[in-house]
Amino acid sequence: MWERDGELYAYPFSTSPFGVFVNTDLVKAAGQKTPRELIKAGQWDWEHANEINKSVAAKGKNGLTILNFDYKAWDNLATVWQGWGAKAWSDDGGTCQFNAPEMVEAMTFVHKAIFTDKSMPGPGTAVDFFSGDTAMAVAQISRAAMLKDATFKWDLVPLPAGPKGEYAVIGQAGIGVLKKSPRAEQATDFLAYFTNVANSAKLAAYFPPARGSLLTADTMVKTSPMLNGDQLQEVVIDGIQKGVVKPNHKGQAELAQTARAALDPLWKPDADVKAVLDGVCTKIQPLLGG
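Cut-offs used in this document
Residues numbered from 1 in each chain as written. Predicted model: local features only at pLDDT ≥ 70, side-chain atom pairs only at ≥ 80, totals over all residues. Heavy atoms only, no water. Helix = DSSP H or I, 4+ residues; strand = E, 2+ residues; numbered from the N terminus. Expected span 1.5 Å × (residues − 1). Buried < 20%, exposed > 50% of the residue type's maximum accessible area, 1.4 Å probe, protein only. Arc of directions from axis to C-beta. Contact = heavy atoms within 4.5 Å. Polar contact = N/O pair within 3.5 Å; in protein donor to acceptor, adjacent residues only side chain to side chain. Disulfide = S-S within 2.5 Å. 1 Å grid on protein atoms, 1.4 Å probe; cavity = no way out; pocket = protein on both sides within 12 Å on 5 of 7 lines; lining within 4 Å. Points joined across faces, edges and corners; volume = space filled by probe spheres on them. Nonpolar A, V, L, I, M, F, W, Y, C, P; charged D, E, K, R; others polar. Pairing = 2+ DSSP bridges.

Trainee: How do you make sense of helix H9 (residues 229-242) when you look at a structure like this?
Mentor: For H9, with 14 residues, the first-to-last C-alpha span of 18 Å sits near the 20 Å given by 1.5 Å per residue. Residues of H9 that are buried include every one of Gln 231, Leu 232, Val 235, Val 236, Ile 237, Gly 239 and Ile 240, and no others. Down the axis of H9, the buried side of the element spans an arc of 155°, and every buried residue falls inside it. Of the exposed residues in H9, the ones pointing more than 90 degrees away from its buried face are Asp 230 and Gln 241. Structurally, H9 contributes buried residues whose contacts are with strand S3 (11-23), helix H2 (35-40), strand S6 (154-157), strand S7 (169-175) and helix H8 (217-223). With a side-chain oxygen lying 3.1 Å from the backbone nitrogen of Asp 230, the N-terminal cap of H9 falls on Asn 228.

Printed below as a string of C-alpha cells:
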C-alpha cells in the first residue's frame, strides 16, 4: 500500500489480520461443535459457522458480529465477501465490482444470515462480544486485551473458508515523513527510532511487526500473552502471508460515504440484493474514474 515505482514511502508499522473470536461456552451450550473442532475436521467454513451462530441465536443470545461494521463501515464486510472472491472495485481502482456475481452471492449470504437465519444481529441491535452474550466476533488481535477479565472460555481462529477456499483479510497502517514539513529532518530521525529493532519489538505488543525477524509465534507470544502460539501462527502470521488488504482507494473518504448511503436499502428484510448492488455501482463509478 505504501510503495510506488519500487520506492517505499511509509513504514507499515501495523499489519493486522482479522480473525474470529469465539465464545466457546455459548457454542457448546447450543449443542454445536467448536470452530477448533471444525478446523481439525476440515469443516471450518461459512456454512458451518452460520449454523453455529443460528443455533446460538435460537437460544436467545447473539450469533456473529463484525466489530466496527454497525451497518455503516461496509468495508469491514470484506472479511466475509473475500471468501467468495468478491471485490469492491477492480485492482486498478477504476471499475466498480459491487454488482459482480461473486459479490451478489456473498451479500445474499450476509442478508440471509441477518434477516432469515437471525445468525447476525440486525440493524440497530447493540452487541458486545466481550460481555459474553455473543458467539463470535470478527476482529483484529488487539481486541484480545478486552478479554483479560472474561468470565467465559474463548478462542481465536482464522476466518472461515468461503466457496473460493481459505483466505485472510488484513488492515494496515503506515507512518511516513512529509518531505515539505518544516521538521522533516527531525521527523526522519523519529521514524528511524520508532522502527528500529528494539522499538519494533515493543510495538509488537499492539501491532504485528513489519520486521520479518520479529514476525514469529515465539516472539509475539511474549508481547501478546492473551494469545497462544497456535492462535498467533494461524491467524496472524499465516494471515499476513496470504492476506489481502481490505478495500482502500485514493478517494476512500468520499467513496466510503457514498457506498454506505447506497447500501442502506440492503439492510431491510425484503431488499433486492442485486438491485441494491447495481445502485451502489451507479453511485460510486463516477468516483472511481467514470
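Trainee: So what exactly am I meant to see when it comes to the state of the cysteines here?
Mentor: One way to say it: the disulfide is the covalent bond shared by the sulfur atoms of two cysteines. Scanning the model with the defined rule gives 1 disulfide in all. Between the sulfur of Cys 96 and that of Cys 281 lies a disulfide, 2.0 Å long from S to S. Here the disulfide of Cys 96 and Cys 281 is left-handed, its torsion about the S-S bond being about -75°. You can see Cys 96 sitting in the loop between helix H4 (78-81) and helix H5 (101-115) and its partner Cys 281 sitting in helix H11 (residues 273-288), a full 185 residues away along the chain. Accessibility classification places Cys 96 together with Cys 281 in one group, the buried group.

Trainee: Honestly, empty space enclosed by the protein in this entry has me stumped. Any pointers?
Mentor: Summary: where empty space remains is shown by rolling a probe the size of a single water molecule over the atoms. With the rule as written, the count across this model stands at 3 cavities of 30 Å³ or more. The calculated volume of the largest cavity comes to roughly 60 Å³. Lining the largest cavity we find Trp 46, Ala 49, Asn 50, Asn 53, Leu 64, Val 80, Phe 109, Val 110, Ala 113, Ser 119 and Met 120. Looking at the lining of the largest cavity, the elements that each hand over two or more residues are helix H3 (46-58) and H5. Per element, the largest residue contribution to the lining of the largest cavity is 4 residues, and it comes from H3. Residue classes in the lining of the largest cavity are distributed as 8 nonpolar, 3 polar and no charged. Roughly 50 Å³ of volume is contained in the second largest cavity. Contributions of two or more residues to the lining of the second largest cavity are made by S3 and H9. For the lining of the second largest cavity, the element with the most residues is H9, which contributes 4 residues. Class assignment for the residues of the lining of the second largest cavity results in 7 nonpolar, 1 polar and 2 charged.

Trainee: For this particular structure, what's the right way to read the pairing of S3?
Mentor: The side chains of a regular strand alternate between both faces of the sheet. Taking burial as the measure, the 13 residues of S3 include 13 buried ones, the bulk of the element. Relative to S7, S3 runs antiparallel, the two sharing 5 bridges. Among the inter-strand pairings, Ser 16 is bridged to a residue of S7, identified as Gly 171. Looking at chain direction, S3 and strand S5 (residues 134-140) are connected through 5 bridges and run antiparallel. Note on S5: the bridge partner recorded for Val 20 is Val 138. In this sheet, S6 lies alongside S3 in antiparallel orientation, the contact comprising 4 bridges. Among the inter-strand pairings, Val 20 is bridged to a residue of S6, identified as Val 157.

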